[in-house]
Amino acid sequence: MNELNSFIKKEFRHILRDKRALLILFAMPVVLVILFGYAITNDIKDAKIAILDNAHDELSIGLTNKLVSSGYFIQEVSLHTNKELQEVFRDGKIKLAVVFPNRFAESYYHDNKVTIQLIADASDLNSAVALTNYASSIIQDYQKEIVKAPVQKPLFETTVKMLYNKELKGVYMFVPGVLALILMLIACMMTAVSLAREKETGTMRVITVSPLSPMTIIIGKVVPYLVISFIDTLIILVLSVFIFGMPIKGSFLLLFLVCLVFLFAATSLGIMISAFSSTQQIALIVSIVILFLPTILLSGFIYPIENMPLALQIVCQISPAKWFIEAIKSVMIKGTGFVDVWLQLTMLTVMIIIFVRVSIVRFRKTIA
Amino acid sequence: MEITIVTDNLTKTFGAFTAVDHISFEVQKGEIFGFLGANGAGKTTAIRILCGLLHPTSGKAEVAGFDVFKHTEKIKKNIGYMSQKFSLYEDLTIRENISFYSTVYGLSDYQIKEKTEQLLTRLQLHSEADKLVHSLPLGWKQKLAFSLALIHDPKIVFLDEPTGGVDPITRRQFWDLIYETADEGTTVFVTTHYMDEAEYCDRISIMVDGKIEALDTPDILKSQFKAATMDEVFYKLARGTSTK
């Protein structure tokens, strides 16, 4: 026990004396959360739009007011000709234009059929889609308001209802992703690099020749990073809840369980990486290739897995981050219980067992 | 004389490759035993077995009186180890390094305090005790690493190319330390590529392709191979196998 304490103390000294490590460990999570929360967001708020009103009747003015008062849009300019429309888009002043046809109200009442044109700047695809969706649904609402009696209702009407994330907030997407990324980075990469460092500097050999048991060495290496990444988990959760309004609908206990299981998966992956790397540099490169790319691109963090080609979808299944992000979303946003995340937890546990087994076999071959 | 290391037909194979091929030798207490051989001759594998890291395929070996099959844990407590890389933590202070390696070898807090004082006095490092090892000159690092390998008063200390990359004067000083240690009754098992250092050893074994091809005092080996220096002896042995 004395040996383990001393080992953990030594490990913390390594960490606390390395300013770059400290930056990665404590500044990076905060920066990433703030960055994703404020900068990289698809949330619509005060989007600038242009109105080209060829009708100027009660309905077109009413609808314009409705759009502007929704809180999502600000009318940047009033246009008069189609030519002006081209110009404002080219200047990038607006993201969306609403075009009312001539005799808007008249057509609506008499022909019972009228078209409003929504023009969006699709060079920014994500926001174009979001803006047109928002505008369409506001227009539909307005239509319901003016048709007081349900007489001339269209035969088909679609209503879109967004479950769990009614306001389509980006924070719901990025918090699980950032959490996965940070925990991978710290628990996995830092463990891998610090173990590889001992190999590189030759201290690993001295330690293995000493009476320290392999278990003590591994636990001593892993505990500091587990503690630090758990602190980071708390930092990220507090920031997301209090600054960005991320809900935690499920139980805290389950949330921490999910995080802890993922942490163990990440650290055991780190140990496995270090078992195959003789230097810190190799450990770092391997970590980046097999961690970051899958964690960011193949976990459903940024791109939906269902839209990927089958081969990639299969690859996604072996990314621990994929299962973690699924579980964390379930618990935080949907508020599901243990029964709904058992599959994810089981998958992660299976991965832990595989990583640890492979590491032990490999360590026996190389160190001994 | 007390025997501290004994091997009898010790063999280790990896698949079809025989790394250590029926080696038998004895090392006495307080002896400086030079373990020579070209790279890939099987030295490292033999040392790993003797340090309790690797189980031999066949044969027998006892280190500090403990069997390398059954009592590797006890062997580990009774040996010290130092490698070419010195194996110090550069971002820890001298005092922290001493304290870490002491606990690794199971010393009590009281012993650690005592040992630290003793060691700092002997190496005259009191004023540097709280500086990072990183800032020490190479020669001091080497001495510190050697002292740490001896921190738990082991019966045998294994030195794996301990003078690599160190200047001749520092090397000479280091050998003075080795003599001191051997005089105090610690067996020194040393590998080196420097043939002038080989001359400092009490006895030398030269390994070629997994076998011990020569084993005796430097003087006897020189006359046996009709050579003026150990360098020549080594060269004759190595050439003998390459033309074989």
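Residues numbered from 1 in each chain as written. Chains lettered and ligands numbered in written order. Predicted model: local features only at pLDDT ≥ 70, side-chain atom pairs only at ≥ 80, totals over all residues.

(A) Quick peek at the overall build of chain B. Per the secondary structure count, chain B includes 9 helices and 10 strands. By principal-axis analysis of the C-alpha atoms, chain B measures approximately 55 × 40 × 35 Å. Within chain B, counting contacts between residues at least 6 apart in sequence, those at least 24 apart form 68% of the total. (Helix = DSSP H or I, 4+ residues; strand = E, 2+ residues; numbered from the N terminus. Contact = placed C-beta atoms within 7 Å.)

(B) Molecular detail of the nonpolar core. The biggest cluster of nonpolar side chains holds 70 residues, and the ones touching the most others in it are Leu50(B), Val63(B), Phe158(B) and Phe189(B). Residues within four places of Val63(B) in sequence aside, it is in contact with Ile5(B), Leu50(B), Val68(B), Ile75(B), Ile79(B) and Ile156(B). Counting residues in each nonpolar core, the second largest holds 62 residues, with Val175(A), Ile236(A), Ala321(A) and Val341(A) among its members. (Core = buried A, V, L, I, M, F, W, Y, C linked by C-beta atoms within 7 Å. Buried ≥ 20, exposed ≤ 12 C-beta atoms within 10 Å, placed from the backbone.)

(C) Quick look at the sheet that holds strand 1 (residues 3-14) of chain B. Residue and element names in this part refer to chain B. Here we have 4 strands laid out as an open sheet, ordered 2-1-4-5, and antiparallel in their pairing. Strands with a single pairing partner mark the edges of an open sheet, and in this sheet they are strand 2 (17-28) and strand 5 (66-67). As paired elements, strand 1 and strand 2 share 8 bridges and run antiparallel to each other. For Thr13, the partnering residue across the bridge sits in strand 2 and is Thr18. (Pairing = 2+ DSSP bridges.)

(D) Seen up close, the sheet that holds strand 3 (residues 96-100) of chain A. All names here are of chain A. Across the sheet, which stays open at both edges, the 4 strands sit in the order 2-1-3-4 with mixed pairing between neighbours. Strands with a single pairing partner mark the edges of an open sheet, and in this sheet they are strand 2 (73-79) and strand 4 (117-120). Pairs of neighbouring strands in the sheet enclose a mean axial angle of 25°, with direction left out of account. The sheet contact formed by strand 1 (residues 47-53) and strand 3 spans 5 bridges and is parallel. (Axes fitted to C-alpha atoms, helices over the stretch in contact; angles between N-to-C directions.)

(E) View of the interface of chain A and chain B. Listed per partner, the contact involves 19 residues of chain A and 19 residues of chain B. Of all elements in the fold, only helix 1 (2-17) and helix 8 (203-209) of chain A reach the threshold of two or more residues within the side of chain A that touches chain B. The class makeup of the residues in the side of chain A that touches chain B is 6 nonpolar, 8 polar and 5 charged. (Nonpolar A, V, L, I, M, F, W, Y, C, P; charged D, E, K, R; others polar.)

(F) Representation of the domain arrangement of chain A. Taken domain by domain, chain A comprises domain 1 (2-40 + 170-366) and domain 2 (47-146). Each of domain 1 of chain A and domain 2 of chain A has a C-alpha centre, and the two are 47 Å apart. (Domains from an automatic or database assignment.)

(G) Here's a closer look at helix 3 (residues 94-104) of chain B. The element helix 3 of chain B is extensively covered by neighbouring structure, given that 9 of its 11 residues are classed as buried. Three or more residues of helix 3 of chain B are buried, namely Ile94(B), Asn97(B), Ile98(B), Ser99(B), Phe100(B), Tyr101(B), Ser102(B), Thr103(B) and Val104(B). Along its buried surface, helix 3 of chain B packs onto helix 1 and helix 8 of chain A together with helix 4 (109-123) and helix 5 (138-149) of chain B. Gly106(B), located one to two residues past helix 3 of chain B, shows a positive phi value of around 75°.

(H) Spatial organisation of the packing of helix 1 of chain A against helix 9 (residues 214-242) of chain A. All names here are of chain A. Two elements in contact, helix 1 and helix 9, have axes whose closest approach is 8 Å; the angle formed by their N-to-C orientations is 40°. Put simply, helix 1 runs oblique to helix 9. In this structure, the crossing between helix 1 and helix 9 has a hand that is right-handed. From helix 1, Glu3, Leu4, Phe7, Ile8, Glu11, Phe12 and Ile15 reach across to helix 9, where they touch Thr216, Ile219, Gly220, Lys221, Val223 and Pro224. Looking at the contact of helix 1 with helix 9, its residues break down into 8 nonpolar, 2 polar and 3 charged. (Parallel < 35°, antiparallel > 145°, perpendicular 65-115°, else oblique. Left-handed = near helix turned anticlockwise from the far one by under 90°.)

(I) Region of the structure containing the confidence of the model for chain A. Considering every residue of chain A, the mean pLDDT works out to 83; 91% of them sit at 70 or more. Averaged pLDDT values over the elements of chain A bottom out at 80 in helix 6 (residues 125-146) of chain A and peak at 92 in helix 10 (residues 252-275) of chain A. (pLDDT = per-residue confidence, 0-100.)

(J) Looking closely at the packing of helix 3 of chain B against helix 4 of chain B. All names here are of chain B. The contact between helix 3 and helix 4 brings their axes to 10 Å, and the two run at 135°. As far as their axial angle goes, helix 4 and helix 3 are oblique. As for how helix 3 packs across helix 4, the hand of that crossing is right-handed. Packed against helix 3, whose contacting residues are Arg95, Ile98, Ser99, Ser102 and Thr103, the element helix 4 presents Ile112, Lys115, Thr116 and Leu119 at the interface. Of the residues belonging to the contact of helix 3 with helix 4, the class tally is 3 nonpolar, 4 polar and 2 charged.

(K) A look at unusual backbone geometry. Residue and element names in this part refer to chain B. If you check the backbone angles, Asp153 has positive phi at about 50° while not being a glycine. Structurally, Asp153 can be placed in the loop between helix 5 and strand 7 (156-160). On the neighbour-count criterion, Asp153 (13 C-beta atoms within 10 Å) is partly exposed. Even without being a glycine, Asp209 presents a positive backbone phi close to 50°. Topologically, Asp209 is positioned in the loop between strand 9 (203-208) and strand 10 (211-216).

(L) Up close: the environment of Thr170(B). Residues and elements named next belong to chain B. Looking at the secondary structure, you find Thr170 in helix 6 (residues 168-183). The sequence separation of Thr170 and Leu138 amounts to 32 residues, and the corresponding C-alpha distance is 9.0 Å. With residues up to four places along the chain from it excluded, the contact list for Thr170 reads Gly139 and Gln142.

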